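Coordinate inspection notes
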Amino acid sequence: MRVRLAVLAAAVVAYAVAAWAVAPGFYDGIAPPQPYRWVSPPPQFRNSNQQPQSGHQTVKVGATGKVDPASVFTQDGQAAIAFTTGAFVTPPDRSPVSIDLRPQVVFPDPGPTHLSTNVYCVSSSSPLAAGQQILVTLQYSDQLPAPADVYGYQGSGPWQKIGNTGTAAPFYISARSDTLGCFAAGYPANAAQTAQGPRVSGGQAVPIVVALAILVVVLAGIPLAVLRRRGAGDEDEEG
Amino acid sequence: MKGALALLAPVPVRAAGLTAVAVALEWARVLALRTPQWQALTLLAGGLALCLLGVGRRPAELGLGRSRLLERLIGGVALAGILLLPAAVRWGGGPALAPEFAVAAAAVSVGEEIAFRGVVFAALEQAYGPAVAIAGSSAAWTAAHALSHPLPFLPAVAAAGLLLGAWRWAMRDLVGPIVGHVIADLAL
């Protein structure tokens, strides 16, 4: 048993060393996405950055005469829009509607908003129908503070907050928009600062879980081990 | 069926086959997740598929016996504490997991433990002994994460695999790794 415990202790030490080498450490449940591709990478990502990709799709007009529902993604999956049947005006010749998603290099000053993602512009060969919406979904980097909302602008601006429909998936943020245009995710630049940068959202579950784990082990595990040892001792004495 | 398979495939071949299937299931899940739709469902399906590898095996063979259950559960909590400690010490906040993803993440955690520390570990131990079982199941588990994790994360994943595999061998227990893995995934 001593050998087994020694192997286990060595594994604990090896894990602590390996996990300390990367932040946040062991990370498995929802795997971290591939590194975010920046148009203009923050300094820490400059060396390893790859350029973001655009997306294109043509959506046909269905038998009912309305443009079919679809989802359009950039090739790297960092931006997407989704829409329902008839979201776009049907072209007079019933030709397919062409939709593009492109990362933008130049965009209006977002002012008091800190952008956490690239800016992506959505364009189409046919306008969005009156009263219709698109669902804009943007990925953000797992290495930076999470954005609070999706922001957007049309033409030359200004930026406006569109909102946040709730987390569709970890490291993705979504919002519904009733116009096409350009979109990015971000948060107010005056958000609370921490040593690691602005903390906009996010749970504090990890330290609490670790504290609880230590409590459980101390309050239940150690007494249980002592009782077991005493029980074994009694059995030895009886034997 | 199981008997026929056992006759057809020698123990080392079976171990290699099970390892390859477990890794392939993980890779298939990761590739499917690259489409931003149905992510929770994909995770859930991936976890359940891994669990299916354990069908037809005796619980004790996988380390799932009921003896000393309270100790195993407390051991799992201790493993969770160890797995999360490096992150907790320098925690700066992070995205909270939506409920549907919490269920899916738990399914993946259980599936990975049953597949790698349960089925693959048992097959490798039967074929080559405990040292290869710990190292081999850890290597397979690391390979399974190669498509989903950036390269710098893989040593931590491998070390977590070694830790959970060492527990599986030292305590003859899979309940602890399952509990620890689920808690760690839900928290982080």
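The structure reproduced in this document is the subject of the present report. (Residues numbered from 1 in each chain as written. Chains lettered and ligands numbered in written order. Predicted model: local features only at pLDDT ≥ 70, side-chain atom pairs only at ≥ 80, totals over all residues. Heavy atoms only, no water.)

Digging into the overall build of chain A
A tally of helices and strands in chain A yields 2 helices and 13 strands. Looking at chain A as a whole, 44% of its 239 residues are labelled buried. Considering only contacts within chain A whose residues lie at least 6 apart along the sequence, 65% involve residues at least 24 apart. Of the roughly 12,600 Å² that chain A leaves accessible, carbon and sulfur atoms contribute 56%. (Helix = DSSP H or I, 4+ residues; strand = E, 2+ residues; numbered from the N terminus. Buried < 20%, exposed > 50% of the residue type's maximum accessible area, 1.4 Å probe, protein only. Contact = heavy atoms within 4.5 Å. Areas by Shrake-Rupley, 256 points an atom, 1.4 Å probe, with all protein chains shown as cover.)

Section: the overall build of chain B
In terms of regular secondary structure, chain B is built from 9 helices and 0 strands. Here chain B holds 188 residues, and 54% of them are scored as buried. Of the roughly 7,500 Å² of accessible surface on chain B, 75% is carried by carbon and sulfur atoms.

Considerations on the environment of T85(A)
Residues and elements named next belong to chain A. Along the chain, T85 falls in the loop between β3 (79–83) and β4 (97–104). What makes T85 partly exposed here is its relative accessible area of 41%. Counting along the chain gives 23 residues from T85 to G62, while the straight-line C-alpha distance between them is 8.8 Å. In this structure, T85 is in contact with K66, V67, D68, P69 and Q132, ignoring residues within four places of it in sequence.

Some points on the sheet that holds strand β10 (residues 172–177) of chain A
Strand pairing in a sheet takes place through backbone hydrogen bonds and is either antiparallel or parallel in direction. All names here are of chain A. Spatially, the 4 strands line up as an open sheet ordered β2-β3-β7-β10, and their pairing is antiparallel. Both edges of this open sheet fall to β2 (70–73) and β10, since each of them pairs with a single strand only. Geometrically, the sheet is characterised by an average inter-axis angle of 20° between neighbouring strands, direction not taken into account. Pairing geometry for β2 and β3, over 4 bridges, is antiparallel. Paired with V72 across the strands is I81, a residue of β3. (Pairing = 2+ DSSP bridges. Axes fitted to C-alpha atoms, helices over the stretch in contact; angles between N-to-C directions.)

Quick look at helix α9 (residues 175–187) of chain B
Residue and element names in this part refer to chain B. For α9, built from 13 residues, the straight-helix expectation of 18 Å at 1.5 Å per residue is met to within 8% by its first-to-last C-alpha distance of 18 Å. The buried count for α9 comes to 11 of 13 residues, which makes it a mostly enclosed element. Here α9 has its buried residues at V175, G176, P177, I178, V179, G180, H181, V182, A184, D185 and A187. (Expected span 1.5 Å × (residues − 1).)

Details of the packing of aromatic side chains
Counted under the stated rule, the structure contains 6 aromatic pairs over all chains. On the numbers, 4.9 Å between centres and 80° between planes, the contact of F83(A) with F88(A) is edge-to-face. Geometrically, the ring pair formed by Y153(A) and W159(A) is edge-to-face, given 4.7 Å between the ring centres and 65° between the ring planes. Classification of W159(A) by relative accessible area gives buried; the value is 12%. Grouped by ring-pair contacts, the aromatic residues Y36(A), W38(A) and F45(A) constitute a single cluster. The ring of W141(B) carries the charged tip of R117(B) above its face, separated from the ring centre by 4.3 Å. (Phe/Tyr/Trp six-rings, centres within 6.5 Å; stacked < 30°, edge-to-face > 60°. Lys NZ or Arg CZ within 6 Å of the ring centre and 35° of its normal.)

Concerning the state of the cysteines
All names here are of chain A. If you walk through the whole model with that rule in mind, you get 1 disulfide over all chains. C121 shares a disulfide with C182; S-S distance 1.8 Å. Residues C121 and C182 are joined through a disulfide that is right-handed, its torsion about the S-S bond being 105°. Placement of C121 in strand β6 (residues 119–124) and of C182 in strand β11 (residues 181–188) is noted, with a sequence separation of 61 residues between them. (Disulfide = S-S within 2.5 Å.)

Observations concerning unusual backbone geometry
A cis amide bond links G157(A) with the next residue in sequence, P158(A), at an omega value of 5°. Position of P158(A) among the secondary structure elements: in the loop between β8 (149–153) and β9 (160–163). Residues other than glycine seldom take positive phi values, yet R172(B) does so here, at roughly 50°. Tracing the backbone through its elements, the reader meets R172(B) in the loop between α8 (154–171) and α9.

Thoughts on the pattern of salt bridges
With the rule as written, the count across this model stands at 9 salt bridges over all chains. For K60(A), the salt bridge is made with D68(A), and the minimal N-O distance between the two is 2.9 Å. Of the residues examined, K60(A) reaches a relative accessible area of 51% and is grouped as exposed. For D149(A), the salt bridge goes to K161(A), with nearest N and O atoms at 3.8 Å. Within this pair, whereas D149(A) is found in strand β8, its partner K161(A) is found in strand β9, the two being separated by 12 residues in sequence. For D149(A), a relative accessible area of 14% translates into the label buried. We classify K161(A) as exposed; its relative accessible area is 56%. Linked by salt bridges that have partners in common, E26(B), R29(B) and E112(B) make up one network. (Salt bridge = Lys/Arg side-chain N within 4 Å of Asp/Glu carboxyl O.)

Notes on the pairing of strand β7 (residues 134–139) of chain A
Looking along a regular strand, one sees side chains alternate from face to face of the sheet. Residues and elements named next belong to chain A. Burial analysis of β7 places 5 of its 6 residues in the buried class, which makes it a mostly covered element. With 4 bridges connecting them, β3 and β7 associate as antiparallel partners. What sits directly across from A79, in β7, is L138. Sheet analysis places β7 next to β10, joined by 6 bridges and oriented antiparallel. If you follow T137 over to β10, its bridge partner there is S174.

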